[in-house]
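Take a look at the letters that make up each chain.
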Amino acid sequence: MSKLDEKLQQLYQQSKTEHPMPQQLKQQLLQLTSKPKAKNWKSLWPAMQGLAACVALIWLAQQLWWQPAYYQIVVQSDTTYHQVQVHSLAKNETLPQQTAYQQRYQQYQHARQQLEHSNSLVGQLRFTDQQWQIEVCDQLLVKIDQQLALELQQDQPWLAGQWVELKTGQQGQILAVQSGKQPLHCSS
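Quick caveat: nothing in here was measured; it's all calculated off a predicted structure.

**Thoughts on the pattern of salt bridges**
Here comes step 1: Scanning the entire structure with this criterion turns up two salt bridges.
Here comes step 2: Notably, a salt bridge pairs Glu-135 with Arg-126, separated by 3.7 Å at the nearest N-O pair.
Here comes step 3: Assessed through its relative accessible area of 27%, Arg-126 is described here as partly exposed.
Here comes step 4: Residue Glu-165 is joined to Lys-167 by a salt bridge in which the shortest nitrogen-to-oxygen separation is 3.7 Å.

The following block contains the structure:
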């Protein structure tokens, strides 16, 4: 110990002997520390009720406002391409059809898991008018909405101008967009 520490210790001991703690205060402190605290579960009951109510409200809100997405393909005519397909994930707007749309979306998710049994096309990826498009020569233009594009890009990001292989399911739905092995040679 240093000299300063020793001096402080001596002053503390001197002050302690000159000013002792009153016996009554000492007894009260000892009683407070010796009592084991009993857990009061009754005080937690309102908090538990509040938590249960919050969980119930969140579940109810999810049931009321959540609308399942369903896969939609719209075929359009165009003078440049033989066929233009617009692929999108749409929100269900009507309750009676909700089950059918949920089933279609689940079928789409299941089909995505079985990519090896899918059809494929090679095309060039473009981004125009805030939308991704895949051009397969002058035969087909596939437009993909933003929501579906985000879901399909989870594996790897897309780059405009890149050659891609478009994997489609039995109903023509896009299952995956993968980097193309080689560019497509279109005949004019």
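What follows continues from the structure just given.
**Observations regarding the side chain of Gln-153**
Here comes step 1: Topologically, Gln-153 is positioned in the loop between α5 (146-152) and β6 (163-168).
Here comes step 2: Side-chain polar atoms of Gln-153 contact the backbone nitrogen of Trp-158, separated by 3.4 Å.
Here comes step 3: Not counting chain neighbours up to four residues away, the residues in contact with Gln-153 comprise Trp-132 and Trp-158.

**Some thoughts on the packing of aromatic side chains**
Here comes step 1: All chains considered together, the criterion is met by two aromatic pairs.
Here comes step 2: A centroid spacing of 5.4 Å and a plane angle of 90 degrees characterise the contact between Trp-132 and Trp-158, whose relative ring orientation is edge-to-face. Residue Trp-132 is found in strand β4 (residues 131-136), and its partner Trp-158 is found in the loop between α5 and β6; the two are separated by 26 residues along the sequence. As far as the burial class goes, Trp-132 and Trp-158 line up, both buried.
Here comes step 3: One aromatic cluster in this structure is built from Phe-127, Trp-132 and Trp-158.

**Observations concerning unusual backbone geometry**
Here comes step 1: Residues other than glycine seldom take positive phi values, yet Asp-129 does so here, at roughly 50 degrees.
Here comes step 2: Checked against the element boundaries, Asp-129 lands in the loop between β3 (119-128) and β4.
Here comes step 3: The backbone of Gln-130 sits at a positive phi, close to 60 degrees, despite the residue not being glycine.
Here comes step 4: With respect to the helices and strands, Gln-130 occurs in the loop between β3 and β4.
Here comes step 5: Relative accessible area serves as the criterion here: at 57%, Gln-130 is assigned to the exposed category.

**Focus on a nonpolar patch on the surface**
Here comes step 1: Taken together, the side chains of Leu-44, Trp-45, Met-48, Leu-51 and Val-55 present a nonpolar region at the surface, about 530 Å² in accessible area.
Here comes step 2: Following the sequence through the fold, Leu-51 ends up in helix α3 (residues 45-65).
Here comes step 3: Look at Leu-51 and you get exposed, because its relative accessible area is 52%.

Reading the values: rules and limits
- Here, residues in each chain are numbered from 1, in the same order as that chain's written sequence.
- Since the coordinates come from a predicted model, pLDDT governs what is reported: local features require at least 70, and pairs of side-chain atoms require 80 or more to be given and counted, while whole-chain, interface and lining totals use all residues.
- As a convention, hydrogens and water are excluded, and side-chain values are obtained from all of the structure's heavy atoms.
- Salt bridge, as applied in this entry: a Lys or Arg side-chain nitrogen positioned within 4 Å of an Asp or Glu carboxyl oxygen.
- For every residue, the accessible area (1.4 Å probe, protein chains only) is compared with the maximum for its type, and the residue is labelled buried under 20%, exposed over 50%, or partly exposed between those bounds.
- For the purposes of this entry, the term helix denotes a DSSP run of H or I that reaches at least four residues, the term strand denotes a run of E that reaches at least two, and both are numbered from the N terminus.
- Residues adjacent in sequence count toward polar contacts only when both atoms are side-chain atoms; beyond that, a polar contact is any pair of N or O atoms within 3.5 Å, and within protein one must be able to donate a hydrogen and the other to accept it.
- Residue contacts follow a heavy-atom distance rule, with two residues in contact if any of their heavy atoms lie within 4.5 Å.
- Stacked, tilted and edge-to-face pairs are distinguished by plane angle, under 30 degrees for stacked and over 60 for edge-to-face with tilted covering the rest, among Phe, Tyr and Trp rings (Trp via its six-membered ring) whose centres lie within 6.5 Å.
- Surface patches are drawn from residues lacking salt bridges whose relative accessible area is over 30%; two like charges belong together within 9 Å, two nonpolar side chains (Val, Leu, Ile, Met, Phe, Trp, Tyr) within 5 Å.
- In this description, accessible areas are obtained by the Shrake-Rupley approach with a 1.4 Å probe, and a residue is regarded as covered only by the protein chains that are shown.

By themselves, these figures tell us nothing about what the structure is for.
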